[in-house]
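Coordinate analysis (summary)
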Amino acid sequence: MAANQNVLKNKGELQPTLKGELYTSPDVFELEKKNIFSESWLFVGYEYDVAEHGQYITTRINDENVLIIRGKDNVLRAFLNVCRHRGATLCSEASGTTKALRCPYHSWTYGLNGSLAGVPNANECREQLINNDDYGLEKVNLEVWNGLIWINFSENPEPAEPLLNQQIMERLGNLETFGRYQIPDLRVAHSKTYDVKANWKIIVENFQECYHCSSIHPELTEALPEFRSGVGTQNTVGAGASFKDGVEYFSISGKGSRPMLKGLLPEDDRLYYGMTIVPHVFINLTPDHVITHRIYPVSADRSIVICDWLFDPEEMAKSDFDPMDAVELFHRVNEQDFAACRWCHENMNSKAFKNGGVLVPLENHVTKFYNFVLDSIGMSSS
Ligand code: FES
Ligand SMILES: [Fe+2]
């Protein structure tokens, strides 16, 4: 990287992108899995989905199969969803409720706290297994932050809350604005999953810059005209984007009748805030709903993106509730963004991108993300 960066530093405000191979190399992807996704707090679900004793959800991220379950003691825990006997998947369902965790293969049974409780037909070694912590389920660190469940695969991670709050502070300049959206009280009304043939970093850097907004997002720039300039708001602390005159809702039609979310103030009306929580989450705040994105990298060349639209459950309970006008707006933005990500990804092995490309000044803030990645995988030039 060093040579590329030095050359470009001499050209005014142009900054280098990452080199093409950093988006395609399986070795780099393995390093990112180990040094980024095994060390960071990862958003994997919503606390309200595991509110009751015995309720669980499962997810697969960073090549691990994870089970999140609420114990009889009301504690929410995460475990690797892997039986300690011969490695079978304990829970194959995406969600459910259970009194105990029984492996389908040989019926070893675990308590909701992960301890091994039952081993059939193993009398001579039953005590040895059950009285040994080594055979309980492997724990994964878990924290709930603003109603969102975050897990961390590392041994002793720093607590999630200050790290996540810090990213909100850097974007919004305070925590109060974010808090007013009262995300723990919202519910997912609609969810879409996108299978994107692009490296996860291309998806992050695309979300962070708005240089492309006027080219590929006609509906978004119709709602948020200032995005036509390409400046965006993510690089300005506290900045939200104002709706165009006459646009009342962040939706395709710009029309609607839902009230603002309960905690919001008049100053929050007709504003959109987008933010990135590194490494893999985007959060979008609008007056009547919140949109979350989480990227699950699958390989260097493929990422799954889950996008959820959250609303006030009181509104969702109304017979005329229909989120699709709002859903359609960001769904189109997603499709446009992910197409652009594919356009780039398919050329990352080209000779033309061997030394990477350039960021224009409007995009320079993406360099911070690049430096995070390079530092994390030990390829920083400094
Ligand atoms: S693999 Fe789970 S009981 Fe055998
Ligand atoms: Fe975009």
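A quick note: this is a predicted structure, and the numbers were derived from the prediction, not measured.

1. Focus on the sheet that holds strand β9 (residues 116-118)
Remark on secondary structure: sheet strands pair via backbone hydrogen bonds, oriented parallel or antiparallel. Spatial ordering of the open sheet is given by β7-β8-β9, a layout of three strands whose pairing is antiparallel. Strand pairing shows two members of the sheet lacking a second neighbour, β7 (101-102) and β9, which therefore form its edges. Two elements, strand β8 (residues 109-110) and β9, share two bridges in a ladder whose sense is antiparallel. Residue pairing across strands places Tyr-110 opposite Leu-116, the latter belonging to β9.

2. Digging into the coordination of the iron ion (ligand 2)
Protein coordination of the iron ion (ligand 2) is provided by His-212 (NE2), His-217 (NE2), Asp-337 (OD) and Asp-337 (OD), with donor distances spanning 2.0 to 2.7 Å. Classification of the site at the iron ion (ligand 2) as irregular follows from its four donor atoms and the range of 52 to 144° in their angles at the metal. Within one chain, the residues donating to the iron ion (ligand 2) are spaced in sequence as H-x4-H-x119-D. Residue class for His-212 comes out buried when judged on its relative accessible area of 12%.

3. A closer look at the state of the cysteines
Think of a disulfide as a covalent bridge from one cysteine sulfur atom to another cysteine sulfur atom. Scanning all chains against the criterion turns up one disulfide. Cysteine Cys-91 remains unbridged, with the sulfur of Cys-103 as its closest cysteine sulfur at 9.6 Å. For Cys-103, a relative accessible area of 2% puts it in the buried group.

4. Quick notes on the pattern of salt bridges
Counted according to the given criterion, the structure contains 21 salt bridges. Note that Arg-84 is salt-bridged to Glu-138, the shortest N-O span being 3.6 Å. Taken together, the positions of Arg-84 in the loop between β5 (76-80) and β6 (95-97) and Glu-138 in the loop between α3 (123-130) and β10 (139-145) put the pair 54 residues apart, joining distant regions of the chain. Look at Arg-84 and you get partly exposed, because its relative accessible area is 30%. Linking Glu-314 and Lys-262 is a salt bridge whose minimum nitrogen-to-oxygen distance equals 3.4 Å. Here Lys-262 lies in the loop between β13 (241-242) and β14 (271-277) and Glu-314 lies in helix α9 (residues 313-316), a separation of 52 residues in the sequence.

Conventions used here
- Residues numbered from 1 in each chain as written.
- Chains lettered and ligands numbered in written order.
- Predicted model: local features only at pLDDT ≥ 70, side-chain atom pairs only at ≥ 80, totals over all residues.
- Heavy atoms only, no water.
- Pairing = 2+ DSSP bridges.
- Helix = DSSP H or I, 4+ residues; strand = E, 2+ residues; numbered from the N terminus.
- Donors = N, O, S within 2.8 Å, 3.2 Å for Na, K, Ca; no water.
- Tetrahedral: all angles 85-135°; square planar, octahedral: opposite > 155°, others 65-115°.
- Buried < 20%, exposed > 50% of the residue type's maximum accessible area, 1.4 Å probe, protein only.
- Disulfide = S-S within 2.5 Å.
- Salt bridge = Lys/Arg side-chain N within 4 Å of Asp/Glu carboxyl O.

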